[in-house]
Every structure is written in structure tokens, then in C-alpha cells.
Amino acid sequence: MRAVYIEEFGGPEVLKFGELPTPKPGPREVLVRVKAVSVNHLDIWVRRGVYRDLPFPHVLGSDIAGIVEEVGPGVRNVRVGDRVVVNPGTSCGVCENCLRGMDNLCKDYKILGEHVWGGYAEYVKVPDANILPYPEGLKWEEAAAVPLTFLTAWHAVVTKGKIEQGEKVLVMSGGGGVGSAAVQIAKLFNAYVITTVGSDWKVERAYALGADLVVNWRKEDLERAIREKVGRVDLVIDHTGQQHLQRLINLTRWGGRVVIYGATSGYKAQVDLRHIFYRQVSLIGSTMGSKGEMFRILKLVEDRKLKPVIYRVLPLKQAQEAHRLLEGFSPFGKVVMTVG
Ligand SMILES: [Zn+2]
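S.K.: Just checking my understanding: could you explain the overall build of the chain for this structure?
M.R.: Scanning the chain from N- to C-terminus turns up 11 helices and 18 strands. At 20 Å, the chain has a C-alpha radius of gyration in line with the 20 Å of a compact globule built from 340 residues. By principal-axis analysis of the C-alpha atoms, the chain measures approximately 60 × 40 × 40 Å. Here the chain, with 340 residues, has 48% of them falling under the buried criterion. In the chain, the share of contacts with a sequence separation of at least 24, taken over all contacts with a separation of at least 6, comes to 68%.

The structure is reproduced here in C-alpha cells:
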């Protein structure tokens, strides 16, 4: 099969386009012919070498939409020819966490394209438990833009953040994949949503997404701007890490919650613990989400209550360009690649 793969870690130039053996589905596995795969920041971390012991060649790509090409023995939930979306997280399926619906806490939890071959290829092999129904009416590139970002956002806002109707919610980076999903999800709960952007051209787009207040953090003092206009917030959804964390805690109301799903500016944040015990602000960690959560998300996408935001669509052959776009330019919305 044709694929984009890496044989070493490094910049976008290590992404090679060539031939790799087509995977063969085993028991309870499904071979999917990839129609579209979206690019995530996770792909960039993996390409740069965040997991040093990854065997080569490795195929990136967590977010996949396509057609079932072949099914292994024992697969009963899909048939050859079905259009599907692939759930990016795999787990053992039999441990306590898996059976409690918390499979993102499974000790065998893996992400397609991160620990196992993903979707930058004509074909990808996935467990049958990772096959999701295709949201009717969506283009391939729209469907491929949904899973990882919306699952991460849903788990952070709803499951971990326990959003309530009408709360004030601050979503960092409303133009990012997860951010643009989190803004929309918070609006489903009639929240007053504040979001941040790093360039003026993104301000209008963030409002169009449904945000009630957009702050360009490069031009305005984030903490002061929000405190003056809105006061403290109930819930913060953050991935920025050490650069803003203390300000975000300051901005959270007494008894409020800060959900952290990443740390793009660095891991070593300093926190004034008085806000944690005295003001009783909760810091909550979140990564990905459970497989079961994806069904609700895809239904809301099908009903057009949630919309993937796409910045650019490129063919798989231009994977290097796709990575450069996401890495250097910081687009508004997702970069998606079409395959075949
Ligand atoms: Zn498990």
C-alpha cells in the first residue's frame, strides 16, 4: 500500500511517501480503506520523537474516515463496504477500567498513529471495537476531522469538567482543533464562553463559532481583560501549560475547576497553592476519552449541533506541507489529508 511513514525522528522532511506492506486483519480486526485522515499536534510530537522506542517504519495518523475493505474472523458489527469513522484509542477491552467505560485509563491504552500504525496510508488495521457509525451527510474530510479533537474536548468539558447549564467557561485557543470543539460543546450547555486567540484574523472566526467573548492574548493581558469584562469563570479548559496556568487559576472562581489536557508551553508550571486549598479550585487532568463517548459526539455531529472546523484539505502526498502548516502557521481549525 502507499503510505506516508517515518524511519527516523525529526522535522517535516522525515515524512516519506512510499510503499509498505498492507496489514492483514486478524480475529476481531477490521481493515479500513482510508479516505481521509486529519493531522493533529499529536502527529507532530510523535514525528519529533516523544516516544523514543517506536519501531520503524512507523505510520502516523489518529483520525480516520474510510470504507471497510476486509474483516477478520469474528467481526460482527460491520460489513465490507460500510462507511466508517475510526475511534483513535484502543484498549484491552477486558480490564476493570475498560469494563467501567473508562478505557482511556486502561494500562494497555494506545492511540492509532502514536503507538501503532495509523491512517497516513491507503489502509489501516483496527480492532472491531474501534469502528464507529458514519455520520450521514458529512464529507470524508469532515468526518476525519472529528474523532480525536472532539473526544478530547468532550471528555474535558463534560466528563471531567462536569459543565453545568449557563456556566462561564474559558476555553484556551478557540482556533485549535480541541479548542474549536470545546467552544461548541460548551455552547450546547448554554454556557457563556470566553476563548483566546493569538492573531487578530482569528477573532471573528472564534465569534462565528459561538464564543461570547474572544481575547487576543498577545495584545491584551488575558487575566485583566477577562476579569474586567466577565469576572471569574466556573470552568477553564486548558492545554497551554506553564505559560498561563497561574493566571488561569486566578481567573477561576472559588470552588471552580481547571481541566488540563496538555502543556504545549512547558510542563513545569508554578502554582500558588493557596488558590487550591483556600479558594478550593480543582486542577483536573484529562486525556482523550472513552470509546463510548464517541457515539454521542457523532450523533451531535450528524445532527449538525457540532461542526468540525476545517482549515485546509491536502492530498496525503503533501503530508510534509500539512505538518508545516499546523506547526508553523497555527491555522484556525483542522488540516485534513485525503487518501486515494
Ligand atoms: Zn483495559
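S.K.: Sorry, what's going on with the domain arrangement of the chain here?
M.R.: How big an interface is tends to be reported as the loss of accessible area on association of its parts. On domain assignment, one finds that the chain holds domain 1 (2-146 + 308-338) and domain 2 (150-285). Of note, the centres of domain 1 and domain 2, computed from C-alpha atoms alone, are 28 Å apart. Listed as interface residues are 7 residues of domain 1 and, on the opposing side, 8 residues of domain 2. Looking at the side of domain 1 that touches domain 2 residue by residue, the classes come out as 3 nonpolar, 3 polar and 1 charged.

S.K.: Hey, could you run me through the sheet that holds strand β14 (residues 233-238) in this one?
M.R.: Strand pairing in a sheet relies on backbone hydrogen bonds. The paired strands run either parallel or antiparallel. Taken in spatial order, the 6 strands of this open sheet run β13-β12-β11-β14-β15-β16, and their pairing is parallel. Strands at the two margins of the open sheet, each flanked by one partner only, are β13 (213-216) and β16 (282-285). Recorded for the sheet is a direction-independent mean angle of 20° between the axes of neighbouring strands. Bridge analysis of strand β11 (residues 168-171) against β14 gives 3 bridges, and the strand direction is parallel. Along β14, the bridge assignment pairs V171 with I237. Helix α7 (residues 222-229) rests against β11, β12 (192-197) and β13 of the sheet, and its axis sits at about 155° to β13.

S.K.: I'm lost on unusual backbone geometry in this one. Help?
M.R.: Generally, phi is negative for residues other than glycine and the peptide bonds are trans, each holding for most cases. Look at the link from F56 to P57: it is a cis peptide, with omega at -5°. Residue position: P57 is located in the loop between α1 (41-48) and β4 (58-59). If you check the backbone angles, R28 has positive phi at about 55° while not being a glycine. Within the fold, R28 resides in the loop between β2 (16-19) and β3 (29-39). The phi torsion at K162 lies on the positive side, around 45°, for a residue other than glycine.

S.K.: Sorry, what's going on with the nonpolar core here?
M.R.: Note on soluble globular proteins: their nonpolar side chains tend to be buried together. Ranked by internal contacts, the top residues of the largest apolar core, which has 95 residues, are V169, A182, A186 and I237. Among the elements that line this core, the one with the most residues is helix α4 (residues 147-160), at 7 residues. Counting contributing residues per domain, this core is built from domain 1 (2-146 + 308-338) and domain 2 (150-285), each supplying no fewer than three. Not counting chain neighbours up to four residues away, the residues in contact with I237 comprise A156, V157, G161, V169, V171, M172, A182 and V259.

S.K.: Would you take a moment to explain α4 for this structure?
M.R.: Residues separated by three or four positions in an α-helix point in the same direction, a consequence of the helix having 3.6 residues per turn. At W154, α4 is deflected by roughly 25°, the largest bend along its length. Among the 14 residues in α4, 12 count as buried, and that is most of the element. For α4, the full list of buried residues reads P147, L148, T149, F150, L151, T152, A153, W154, H155, A156, V157 and K160. A positive backbone phi angle near 45° is found at K162, which sits one or two residues after α4.

S.K.: Looking at this structure, I do not really get the pairing of strand β1 (residues 2-6). What am I missing?
M.R.: Both faces of the sheet carry side chains from a regular strand, because those side chains alternate between them. The buried fraction of β1 amounts to 4 of the 5 residues, a majority that puts the element mostly inside the structure. One ladder, built from 2 bridges, connects β1 with β4; its direction is antiparallel. Its bridge partner being in β4, Y5 is matched across the sheet by V59.

S.K.: Looking at this model, I keep getting lost on the sheet that holds β2. Mind explaining?
M.R.: The antiparallel open sheet is built from 3 strands, whose spatial order is β2-β1-β4. On the outer flanks of this sheet lie β2 and β4, each paired with one strand and no other.

S.K.: Please clarify how the packing of α1 against helix α11 (residues 319-329) should be interpreted in this entry.
M.R.: The relative placement of two packed helices comes down to the angle between their axes together with the axis-to-axis distance. Contact pair α1 / α11: the axes reach a minimum separation of 10 Å and the direction vectors enclose 105°. The orientation of α1 with respect to α11, classified from their angle, is roughly perpendicular. Contact with α1, carried on its side by H41, I44 and R47, involves H323, L326 and E327 of α11 and no other residues of that element. Of the residues assigned to the contact of α1 with α11, the class counts are 2 nonpolar, 2 polar and 2 charged.

Analysis parameters
- Residues numbered from 1 in each chain as written.
- Predicted model: local features only at pLDDT ≥ 70, side-chain atom pairs only at ≥ 80, totals over all residues.
- Helix = DSSP H or I, 4+ residues; strand = E, 2+ residues; numbered from the N terminus.
- Rg over C-alpha atoms; globule rule 2.2 N^0.38 Å.
- Buried ≥ 20, exposed ≤ 12 C-beta atoms within 10 Å, placed from the backbone.
- Contact = placed C-beta atoms within 7 Å.
- Domains from an automatic or database assignment.
- Nonpolar A, V, L, I, M, F, W, Y, C, P; charged D, E, K, R; others polar.
- Pairing = 2+ DSSP bridges.
- Axes fitted to C-alpha atoms, helices over the stretch in contact; angles between N-to-C directions.
- Core = buried A, V, L, I, M, F, W, Y, C linked by C-beta atoms within 7 Å.
- Bend = angle between axes of the 7 residues up to and from the residue.
- Parallel < 35°, antiparallel > 145°, perpendicular 65-115°, else oblique.

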